[in-house]
Amino acid sequence: MTFQQVYGYEPAVRYSAPGRVNLIGEHTDYNDGYVLPFAIDRRTTASIAPRTDRVIRVASAFDEAGGPVSLSLDELTPDAMDGWSSYVFGIAWSLREQGADLADKTGFDVFIESDVPVGAGLSSSAAIECGVALAFNDLWELGLDRKSLARVGQYSENHAVGAPTGIMDQSASLLGEQDAVVFLDCRTLDTAVVDLALEANGLEVLVMDTRVEHAHATGGYAARRASCEKGAKALGVEALRDVAVDDLPRAQDLLDDETFRRVRHIVTEDQRVLDTVRTLREQGPRAIGSLLVASHESMRDDFEISVPELDLAVATAMEHGAVGARMTGGGFGGAAIALVDREAREAIAAAVTTAFAAAGYREPNVFTVHAAQGARRD
Ligand code: GLA
């Protein structure tokens, strides 16, 4: 399927936005903390043509039902949207909710294509949201900057799609740069781009997608978020970002064991992000391995969001010489990453695949990613 096949004419513009991998800093975003993701060289493209009425039509290459779904700008409410098209309609709704005046705007025909794997924890949804947000902002001449667009994407994800996620994925997709990570303070949205220098160091990032499905709208993700809020309240702080590693003994006295372990993950993870940034700047990527592994162990043992498949991928990569490895994203499935020597890549990928077969797990999808530029008009 193409734009031309669905709508019978050629699109006027194309925008694209990438998925992301998080190098370190997991579940810290909604605790006002620090994250260190990068945009990857897997992108979603939105081909668009303006219409003269107030209708938005949406179709995609991966929607087997084929025909476009349409909604008027006068009918935009979360209840009027469902399925994957709410990632597109939700952006128009969210722009309006955030103050954009759409009263005199006209609609669009939109066609979505993507090579960001869905369900792997690589933010295929943020890639759609961010490409569409950048496009609508330009075409409607709304004048929002990229940080505001990240907020628009998060608002849509939270209220139109219904997943209680933080600001990390949209920030990475909008602010990413080639061969660099985005160091983001999720309280202030201050950002710094930090050189990854993988190429110069002969390193690559291997994604090991377990193909264990995760869903963030329900279950574990929301429960972890609630535990963090409970911990912050009991400790009398606005967010867990305000708790330091030195405060942990006092926290242990005040909190029940489970809440304490959730808090300890967030507090130590924030510190690991800061340590990773400093290490990358001072010593380069070869020196961050132990921080990645410590992050994984904290998610496995304290935050309890890993699954056996993720643990096996990480352990196998490390046994076969990876510099570091950890699960990435929300957890409960999805993917792990390993930082590996370019020459070792094939052997590590093969070892992970073999280990999965031996354990009776579904065959993983293992591939490399590179840090790439964020959302853009193509
Ligand atoms: C998901 C969410 C993000 C973030 C991560 C965990 O990817 O969308 O906001 O909370 O999980 O770090």
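- By the naming in an unreviewed UniProt entry, the protein chain is Galactokinase, taken from Curtobacterium pusillum.
- Under the UniProt heading Subcellular location (unreviewed entry), the note attached to the protein chain is "Cytoplasm".

Describing the site of the ligand
Moving on, step 1. Of all residues adjacent to the ligand, which total 13 residues, the nearest are Glu26, His27, Asp29, Asp169 and Tyr221.
Moving on, step 2. A distance of 2.5 Å is found between an oxygen atom of the ligand and a side-chain nitrogen or oxygen belonging to Asp29.
Moving on, step 3. The side chain of Tyr221 places a nitrogen or oxygen atom 2.5 Å from an oxygen atom of the ligand.
Moving on, step 4. Relative to its unbound accessible surface of 310 Å², the ligand loses 97% to contact with the protein.
Moving on, step 5. When grouped by side-chain class, the residues that make up the shell around the ligand number three nonpolar, six polar and four charged.

Thoughts on the packing of helix H2 (residues 86–97) against helix H3 (residues 124–139)
Moving on, step 1. The N-to-C vectors of H2 and H3 enclose an angle of 50 degrees; their axes lie 9 Å apart at closest approach. Relative to H3, the element H2 lies oblique. In this structure, H2 crosses over H3, and the sense of that crossing is right-handed. Mapping the contact onto sequence places Tyr87, Val88, Ile91, Ala92 and Leu95 in H2 and Ser125, Ile128, Glu129, Val132, Ala133 and Phe136 in H3.
Moving on, step 2. Tallied by class, residues from the contact of H2 with H3 come to nine nonpolar, one polar and one charged.

Describing the UniProt feature "binding site: ATP" (unreviewed entry) in the protein chain
Moving on, step 1. Per the UniProt entry, the sites bearing "binding site: ATP" (unreviewed entry) are Ser60, Gly119, Ala120, Gly121, Leu122, Ser123, Ser124 and Ser125 in this numbering.
Moving on, step 2. With respect to the helices and strands, Ser60 occurs in strand E4 (residues 55–60).
Moving on, step 3. Ignoring anything within four residues of it in the chain, the contact list for Ser60 reads Trp84, Phe111 and Ile112.
Moving on, step 4. A distance of 3.3 Å separates the side chain of Ser60 from the backbone nitrogen of Phe62, its partner in a polar contact.
Moving on, step 5. Residue placement: Gly121 occurs in the loop between strand E6 (108–114) and H3.
Moving on, step 6. Other than its neighbours up to four places away in sequence, Gly121 contacts Arg20, His214, Gly329 and Gly334.

Notes on the sheet that holds strand E8 (residues 191–195)
Moving on, step 1. Pairing is antiparallel across the open sheet formed by three strands, whose spatial order is E2-E7-E8. The open sheet terminates on both sides in strands that have one partner only, identified here as strand E2 (34–35) and E8.
Moving on, step 2. In this sheet, strand E7 (residues 180–185) lies alongside E2 in antiparallel orientation, the contact comprising two bridges. Among the inter-strand pairings, Val35 is bridged to a residue of E7, identified as Leu184.

Details of the pattern of salt bridges
Moving on, step 1. In total, this model carries 27 salt bridges according to the counting rule given.
Moving on, step 2. Asp104 is the partner of Lys105 in a salt bridge, and the nearest nitrogen-oxygen pair spans 4.0 Å.
Moving on, step 3. For Lys105, a relative accessible area of 18% translates into the label buried.
Moving on, step 4. Each of Asp257, Glu258, Arg261, Arg262 and Glu304 takes part in a single network of salt bridges with overlapping partners.

Quick notes on the rules
- Residues numbered from 1 in each chain as written.
- Predicted model: local features only at pLDDT ≥ 70, side-chain atom pairs only at ≥ 80, totals over all residues.
- Heavy atoms only, no water.
- UniProt positions renumbered as here; feature names shortened; annotations may be inferred.
- Near = heavy atom within 4 Å.
- Polar contact = N/O pair within 3.5 Å; in protein donor to acceptor, adjacent residues only side chain to side chain.
- Areas by Shrake-Rupley, 256 points an atom, 1.4 Å probe, with all protein chains shown as cover.
- Nonpolar A, V, L, I, M, F, W, Y, C, P; charged D, E, K, R; others polar.
- Axes fitted to C-alpha atoms, helices over the stretch in contact; angles between N-to-C directions.
- Helix = DSSP H or I, 4+ residues; strand = E, 2+ residues; numbered from the N terminus.
- Parallel < 35°, antiparallel > 145°, perpendicular 65-115°, else oblique.
- Left-handed = near helix turned anticlockwise from the far one by under 90°.
- Contact = heavy atoms within 4.5 Å.
- Pairing = 2+ DSSP bridges.
- Salt bridge = Lys/Arg side-chain N within 4 Å of Asp/Glu carboxyl O.
- Buried < 20%, exposed > 50% of the residue type's maximum accessible area, 1.4 Å probe, protein only.

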